[in-house]
Amino acid sequence: MFGIRAGCSFIQSLATAAVRPKFPSRTICHALRTSLSTRNYATTSNFKNKKEEAIASFDHVEVEYKTYKPITPGIRHLKRPVNPHLYKGKPVRLLTVPLRRKGGRNSTGRITVRFRGGGHKRRVRVVDFMRTEPGEYDVVRIEYDPGRSAHIALITTRDPKAEGTAKWKYILAPEGLRAGDVVQSYRSGIPEDLHREVFGLQEETGDSAEEIDVAEVERRAKDKATTDALAVGILSGKTIKLGNCLPLRLIPTGTVIHCISLNPQGKAILVRSAGTFAQVLHHEEGGRYSHIRLQSGEIRKVLQSCVATVGKVSNAAWQGRSLGKAGRNRWLGWRPRVRGVAMNACDHPHGGGRGKSKSNKHPVSVWGWPTKGKRTRKPGPKGPKNSNKMVLKERPRGKEKRSGASSR
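Just so it is clear, the structure is predicted and the values come from calculations on it, not from any experiment.

### Looking at a nonpolar patch on the surface
Part 1: A surface patch of nonpolar side chains, amounting to about 280 Å² of accessible area, comprises Val97, Leu99, Val124 and Val126.
Part 2: Mapped onto the elements of the fold, Val126 is located in the loop between strand E5 (123-125) and strand E6 (136-143).

### Points about the sheet that holds E6
Part 1: Taken together, four strands build an open sheet; the order of strands is E8-E7-E6-E9 and the sheet is antiparallel. For this open sheet the edge positions go to strand E8 (168-172) and strand E9 (182-184), each flanked by a neighbour on one side alone. For this sheet, the mean angle separating the axes of adjacent strands, direction not counted, is 45°.
Part 2: Note: E6 against strand E7 (residues 152-157), six bridges, orientation antiparallel. By the bridge assignment for E7, Asp138 is matched with Thr156.

### Observations concerning the nonpolar core
Part 1: Membership of the largest hydrophobic core comes to 23 residues, with the highest contact counts inside it found for Leu248, Ile251, Ile257, Ile260, Ala278, Ile292 and Leu294.
Part 2: Counting only elements with at least two residues in this core, the list comes to helix H4 (192-204), helix H5 (214-239), strand E14 (278-283), strand E15 (289-293), strand E16 (299-303) and strand E17 (307-310).
Part 3: Broken down by element, the residue count for this core peaks at three residues, all from H4.

### Thoughts on the state of the cysteines
Covalent bonding between the sulfur atoms of two cysteines defines a disulfide.
Part 1: Under the criterion given, the structure shown has zero disulfides.
Part 2: Free of any disulfide, Cys245 has its nearest neighbouring cysteine sulfur in Cys259, separated by 8.2 Å.
Part 3: Cys259 gets classed as buried once you look at its relative accessible area, which sits at 7%.

### Focus on the pattern of salt bridges
Part 1: If you walk through the whole model with that rule in mind, you get seven salt bridges.
Part 2: Residues Glu133 and Lys169 are paired through a salt bridge, measuring 3.9 Å at the closest nitrogen-oxygen approach. Placement of Glu133 in the loop between E5 and E6 and of Lys169 in strand E8 is noted, with a sequence separation of 36 residues between them.
Part 3: Relative accessible area serves as the criterion here: at 12%, Lys169 is assigned to the buried category.

### Regarding the sheet that holds E16
Part 1: The strand order across the open sheet formed by seven strands is E10-E17-E11-E14-E15-E16-E18, and the pairing between neighbours is antiparallel. The open sheet has two edge strands, strand E10 (245-247) and strand E18 (391-393), and neither has a second partner. Strand after strand, the sheet turns through a mean of 45° between neighbouring axes, direction not considered.

Cut-off values and rules
- Residues numbered from 1 in each chain as written.
- Predicted model: local features only at pLDDT ≥ 70, side-chain atom pairs only at ≥ 80, totals over all residues.
- Heavy atoms only, no water.
- Patch = residues over 30% accessible without salt bridge, like charges linked within 9 Å, V, L, I, M, F, W, Y side chains within 5 Å.
- Areas by Shrake-Rupley, 256 points an atom, 1.4 Å probe, with all protein chains shown as cover.
- Salt bridge = Lys/Arg side-chain N within 4 Å of Asp/Glu carboxyl O.
- Helix = DSSP H or I, 4+ residues; strand = E, 2+ residues; numbered from the N terminus.
- Pairing = 2+ DSSP bridges.
- Axes fitted to C-alpha atoms, helices over the stretch in contact; angles between N-to-C directions.
- Core = buried A, V, L, I, M, F, W, Y, C linked by side-chain atoms within 4.5 Å.
- Buried < 20%, exposed > 50% of the residue type's maximum accessible area, 1.4 Å probe, protein only.
- Disulfide = S-S within 2.5 Å.

Worth remembering: the numbers are spatial, not functional.
What follows is the structure, given as structure tokens:
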């Protein structure tokens, strides 16, 4: 039996030698071709955002996208960010409300917002932009939110008596926040135990009743200033952590922040989109304001009693996605956007006429406002007097933006 097997293997070796190609170069090419990794239905590829390359602190960030083998035209150009850390289940129903769509119509049935309508059924995730409750909160998971570009984080309090919405909350997830992390809000003030830990030694030491000279008073004042500065540094080290919410006066200069409020008792309204961040530039000594540079490059004054969250908004790869087909845009609730030159003269200033022409008119909107770069309002220092006193420097526009003045 073994002799038969040996004879068969010998015959197979002779057959393979007979059909072996005469040209070794083709054999090498075939070997190289087979050694390459085959492309599956979905693959991932690395891309770097140009804006992130200019920022030294985010140079190490590499964005991954998922692309698909083009077996259909709808997925040929489809490109999605890879987020394996997202929770794949449903949201907490207690923290959601149904979204009632109106298709861009007002109460009289007239279209006030064009190109809206349809789309998939949604439930709005109720995100806590106030962060008024103190105490430590544990991050349970990171979730996808169909109503915004950023991801959201489900957090729960450590208070065993809390129930319902007091126990569970949604917040905007900063970049790098993961399940198991701990976040805390200092909007209502510094906790007593932390205050006692940092400033307790200073309160215990008091001046004696005996008289001291002026030199001793100056020396003690300098020592107290040094001790206060050291205590503030220790306090910043304990509070400046990813996802913590605290007043601007407690945030050191140079810190990256998001979710900024403009009212000390109001909710966060600035820097909430995916991948955006602001930066604290300066605190006015003895003043009321802090200077903040926003994502657009604008520098404005914000009250030091207003709050902000430490970190950069998550899902920075959202800007590089590609929907791949028009139908996917309809699923998101957007209807086709019609060009003005394709309309009739009664529907748009560019409409009517013979052929594709807007009759040598300047570009305007459907209401006749100048568009495509024409400024219709001028807030800030270059605008009317007292138009916006809080803006110290406007965002770069036109030549200033193209020259790279907005790069940070």
